[in-house]
Amino acid sequence: QVRLVESGGGLVQAGASLRLTCTASARTFSPYSMGWFRQAPGKEREQIAAITWDRGVSYYATSVKGRFTISKDNAKNMVFLQMNNLTPGDTAVYYCAKRGSGDYDSGQYDSWGQGTQVTVSS
């Protein structure tokens, strides 16, 4: 069983930056990939970034490309999301999630954190 905990959210003004952290607690931790998602009130959940655990191949949604950067520290079981040039449209609850194990891509995200609130004022 894997526990994921997000941190680093907060209230900031447009143009500011935040760095989110996802920390995994497990006896062993070797996901196929890790992802970041967000959900705003009245909106469907949106995947914004992902990274494979072994090679570090990354993916970004068009809505955040060029502003957000996903990274990881395998030794510390941590994933980060650097968010720059934030706008009110980025206001949402941000979640990290795990997908698969080792070389096995399960095809879905099977573990989720509790989320951290990001609010951007104009």
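Residues numbered from 1 in each chain as written. Predicted model: local features only at pLDDT ≥ 70, side-chain atom pairs only at ≥ 80, totals over all residues. Heavy atoms only, no water.

### Let's talk about the overall build of the protein chain
For clarity, the threshold we go by: Put simply, DSSP H or I for four residues or longer makes a helix, DSSP E for two residues or longer makes a strand, and each gets a number counted from the N terminus. To get the radius of gyration, use the C-alpha atoms; to get the globule rule, take the number of residues to the power 0.38 and multiply by 2.2 Å. Any residue under 20% of the maximum accessible area for its type is buried, any over 50% is exposed, and the rest in between are partly exposed; the area is computed with a 1.4 Å probe on protein chains only. Here a residue-residue contact requires only that any non-hydrogen atoms of the pair lie within 4.5 Å. Methods summary: accessible areas were calculated by the Shrake-Rupley approach with a probe of 1.4 Å, and residue burial reflects only the protein chains presented. Only four residue types enter the charge count, namely Lys and Arg as positive and Asp and Glu as negative; His and the chain termini do not. Lysine's charge is taken at NZ, arginine's at CZ, aspartate's at CG and glutamate's at CD.
A tally of helices and strands in the protein chain yields zero helices and 11 strands. Reading the protein chain from its N end, one meets helices and strands in the order β-β-β-β-β-β-β-β-β-β-β. Radius of gyration (C-alpha) of the protein chain: 14 Å, near the 14 Å computed for a compact globule of 122 residues. The principal-axis extent of the C-alpha atoms belonging to the protein chain is close to 45 × 25 × 25 Å. Within the protein chain, the proportion of its 122 residues that are buried is 40%. Summarising the internal contacts of the protein chain: among those between residues at least 6 apart in sequence, 54% fall at separations of at least 24. Of the roughly 6600 Å² of accessible surface on the protein chain, 45% is carried by carbon and sulfur atoms. Each charge class in the protein chain can be summarised by its mean position, and for the 13 positive and 9 negative side chains these summaries are 4 Å apart.

### Let's talk about the pattern of salt bridges
Stated formally: Any carboxyl oxygen of Asp or Glu within 4 Å of a side-chain nitrogen of Lys or Arg constitutes a salt bridge here.
As enumerated under the stated definition, the model contains five salt bridges in all. Close ionic contact of aspartate 90 with arginine 38 constitutes a salt bridge, the shortest N to O distance being 2.9 Å. Placement of aspartate 90 in the loop between strand 8 (78–83) and strand 9 (92–101) and of arginine 38 in strand 4 (residues 33–39) is noted, with a sequence separation of 52 residues between them. With its nearest N and O atoms 2.7 Å apart, the salt bridge here joins lysine 98 to aspartate 110. Of this pair, lysine 98 sits in strand 9 while aspartate 110 sits in strand 10 (residues 104–112), placing them 12 residues apart in sequence. A relative accessible area of 11% places lysine 98 in the buried class. For aspartate 110, a relative accessible area of 35% translates into the label partly exposed.

### Considering the pairing of strand 3 (residues 18–25)
Rule in force here: In short, DSSP must find at least two bridges between two strands for them to pair.
Where strand 1 (residues 3–7) lies against strand 3, five bridges are found, and the strand directions are antiparallel. Paired with arginine 3 across the bridge in strand 3 is serine 25. Note that strand 3 and strand 8 share six bridges and pair antiparallel. Looking at the pairing, threonine 21 lines up with phenylalanine 80 of strand 8.

### Details of the packing of aromatic side chains
In plain terms, the rule: Here the aromatic set is Phe, Tyr and Trp, taking the six-membered ring for Trp, and pairing holds for ring centres within 6.5 Å; pairs whose planes are under 30 degrees apart are stacked, those over 60 apart are edge-to-face, and all others are tilted. Our definition puts a charge over a ring when NZ of Lys or CZ of Arg is within 6 Å of the ring centre and also within 35 degrees of the ring normal.
Under the counting rule described, the total for this entry stands at four aromatic pairs. Aromatic pair phenylalanine 37 and tyrosine 109: ring centres 4.9 Å apart, planes at 85°, arrangement edge-to-face. In this pair, phenylalanine 37 sits in strand 4 while tyrosine 109 sits in strand 10, placing the two residues 72 residues apart along the sequence. No difference in accessibility class separates phenylalanine 37 from tyrosine 109, as the two residues are buried. When its relative accessible area of 7% is taken as the criterion, phenylalanine 37 is described as buried. By the ring-pair criterion, three or more aromatic residues cluster together here, those being Phe37, Tyr109 and Trp112. Above the ring of phenylalanine 37, the side-chain terminus of arginine 45 is found at 5.8 Å from the ring centroid. Sitting over the face of the ring of tryptophan 53, lysine 72 holds its NZ or CZ atom 5.6 Å from the ring centroid.

### Regarding the sheet that holds strand 7 (residues 68–73)
Hydrogen bonding along the main chain pairs the strands of a sheet, whether they run parallel or antiparallel. Defined as follows: Helix axes are fitted to C-alpha atoms over the stretch in contact, other axes to C-alpha atoms as well, and angles between N-to-C directions run from 0 to 180 degrees.
Pairing is antiparallel across the open sheet formed by four strands, whose spatial order is 1-3-8-7. Each edge of the sheet is formed by a strand with only one pairing partner; in this case those strands are strand 1 and strand 7. Taking the axes of each pair of neighbouring strands and ignoring which way they run, one obtains an average angle of 15° across the sheet.

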